[in-house]
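Chain by chain, the residues run as shown.
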Amino acid sequence: MTRKHLPGILAMATIVVASNILVQFLILDGLLTWGAFTYPFAFLVTDVMNRVYGAEAARRVVFAGFVTGVVCSLVGSQIVLQGDGYTYAAVPLRIAVASGTAFLIAQLTDVAVFNRLRGGGWWRAPLVSTLVGSALDTALFFTIAFSASIAVFGPDADAAINWAWEAVPFMNRGAPAPLWVTLAFADWLVKLSLAMIALLPFRLIVQHLLPTRGAA
């Protein structure tokens, strides 16, 4: 690991920690959380590192970002906030574990898919790898963080996230389903949109970094 990887590590850790906090705040009548708009940029960081420095460097940044993000999330789980007459952890245990697990698996999958498609058009590898990785991330994160069928964390951890168990119309229109199912589906739709939007900054950042790579 060298200093040239430090911006990627810091960006990754910041995105993970911010998303762990923002995923608890609902918007758009409960269809989304603020975290849906921050976390997808983790794939942009991974893909830029992969294109500029290679798959091994991208994996190192993923692991370093994972460790940093987990440590910060665990610290956040010990910070108690107050609101509406009750106290709660800034980062609930289940969300911290789900974030770390989904992050590591999805990001490493992104690196593998990107590397396999590296020789195609400039947009193909970042787009396909992000779509695959983000779908995997959404499924893992929301299931581990919120599904009532997972009972290994204990009643206290479940109580911190049981607001997501409330039965509501799916996407505010369909049959009743747990709130977290709607959040997961809406989150995935946002990730699909941001995967397309992120192609522009990916192209610009890579073009900026590649000419100076030899001097890095």
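As the structure is a computational prediction, the values presented were derived from the model and not from experiment. The numbering scheme is per chain: residues are counted from 1 as the chain's sequence reads. In keeping with the model being predicted, local features are shown solely for residues with a pLDDT of at least 70 and side-chain atom pairs are shown and tallied solely at 80 or more, while totals for entire chains, interfaces and linings include all residues. Water and hydrogen atoms were dropped before computing side-chain values, which therefore reflect all heavy atoms in the structure.

(A) How the structure looks around the UniProt feature "transmembrane region" (unreviewed entry) in the protein. UniProt positions are given in the numbering used here, feature names are shortened, and annotations may be inferred rather than shown by experiment. In this numbering, the UniProt entry assigns the feature "transmembrane region" (unreviewed entry) to residues 7-25, 31-49, 61-81, 93-115, 127-153 and 179-200. The distance separating the terminal C-alpha atoms of residues 93-115 is 33 Å; by composition the span is 100% helix and 0% strand. Taken end to end, residues 179-200 is 95% helix and 0% strand, and its first and last C-alpha atoms sit 33 Å apart. A run of H or I in DSSP counts as a helix once it spans at least four residues, and a run of E counts as a strand once it spans at least two, with each numbered from the N terminus.

(B) Representation of the layout of surface pockets in the model. A pocket here means an open set of points on a 1 Å grid, computed over the protein atoms alone, that has protein on both sides within 12 Å along at least five of seven lines. A cavity is instead a set of points where a 1.4 Å probe fits but cannot get out; residues with an atom within 4 Å of a point line either one. Grid points are joined across faces, edges and corners, and a volume is the space filled by probe spheres set on the points. Considered as a void within the structure, the second largest pocket measures approximately 190 Å³ in volume. Lining the second largest pocket are Lys4, Pro7, Gly8, Ala11, Leu44, Val45, Val48, Met49, Tyr53, Ile205 and Leu209. When residues of the lining of the second largest pocket are traced back to their parent elements, those giving at least two are α1 (6-22), α2 (41-53) and α8 (199-209). Looking at the lining of the second largest pocket element by element, the count peaks at five residues for α2.

(C) View of the nonpolar core. Counting residues in each nonpolar core, the largest one holds 27 residues, and the members touching the most others are Met12, Tyr39, Ala42, Val48, Met49, Phe103 and Phe202. Put simply, the parts of the chain that give this core at least two residues each are α1, α2, α3 (55-77), α4 (93-116) and α8. Among the elements that line this core, the one with the most residues is α2, at eight residues. In what follows, residue pairs with any heavy atoms lying within 4.5 Å of each other are defined as contacts. Those residues in contact with Ala42 that sit more than four places away from it in its chain are Met12, Ile15, Phe103 and Gln107. Only buried Ala, Val, Leu, Ile, Met, Phe, Trp, Tyr and Cys residues count toward a nonpolar core, and they belong to the same one when joined by side-chain atoms within 4.5 Å. A 1.4 Å probe rolled over the protein chains alone gives each residue an accessible area, and that area as a share of the maximum for its type sets the label: buried under 20%, exposed over 50%, partly exposed in between. If you look at the next biggest cluster of nonpolar residues, it comprises 18 residues, including Val91, Phe141, Ala164 and Ala184.

(D) Main features of empty space enclosed by the protein. Counting across every chain of the model gives two cavities of 30 Å³ or more. Counted as a void, the largest cavity has a volume near 140 Å³. Lining the largest cavity we find 14 residues, and of these Ser19, Val23, Tyr39, Asp137 and Phe141 sit closest to its centre. Elements represented by at least two residues in the lining of the largest cavity include exactly α1, α4, α5 (124-146) and α7 (179-197). A per-class count over the lining of the largest cavity returns six nonpolar, five polar and three charged. In this structure, the second largest cavity occupies an estimated 90 Å³ of space. In terms of lining residues, the second largest cavity is bounded by Pro40, Phe43, Leu44, Asp47, Pro126, Thr130, Lys191, Leu194, Ala195, Ala198, Leu199 and Phe202. In this count, Pro and Cys sit with the nonpolar residues alongside Ala, Val, Leu, Ile, Met, Phe, Trp and Tyr, while Asp, Glu, Lys and Arg are called charged and the others, Gly among them, polar.

(E) A look at the packing of aromatic side chains. Pairing of aromatic rings covers Phe, Tyr and Trp, the last through its six-membered ring, and needs centres within 6.5 Å; plane angles under 30 degrees mean stacked, over 60 mean edge-to-face, and all others mean tilted. Under the defined criterion, the tally for this structure stands at 10 aromatic pairs. Measuring from centroid to centroid gives 6.5 Å for Trp122 and Phe202, while their planes differ by 10°, and the two rings are stacked. Taken together, the positions of Trp122 in the loop between α4 and α5 and Phe202 in helix α8 put the pair 80 residues apart, joining distant regions of the chain. Residue classification places Trp122 among the partly exposed positions, given a relative accessible area of 32%. For Phe202, a relative accessible area of 3% gives the class buried. An aromatic cluster of at least three residues, connected via ring pairs, comprises Phe141, Phe142, Phe146 and Trp163.

(F) The pattern of salt bridges, seen in detail. Basic side-chain nitrogens of Lys or Arg form a salt bridge, by our definition, when they fall within 4 Å of a carboxyl oxygen of Asp or Glu. Applying the stated criterion across every chain yields a total of five salt bridges. Between Arg59 and Glu56 there is a salt bridge, with the nearest N and O atoms lying 3.5 Å from each other. In this pair, Arg59 and Glu56 are both assigned in helix α3, three residues apart and thus about one turn of the helix distant. For Glu56, the salt bridge is made with Arg60, and the minimal N-O distance between the two is 3.7 Å.

(G) Here's a closer look at unusual backbone geometry. Look at Leu28: it is not a glycine, yet its phi comes out positive at around 55°. Examined against the element boundaries, Leu28 turns out to sit in the loop between β1 (26-27) and β2 (32-33). Of note in the backbone geometry, Asn172 takes a positive phi value of approximately 65° without being a glycine. Along the chain, Asn172 falls in the loop between β5 (167-169) and β6 (176-178).

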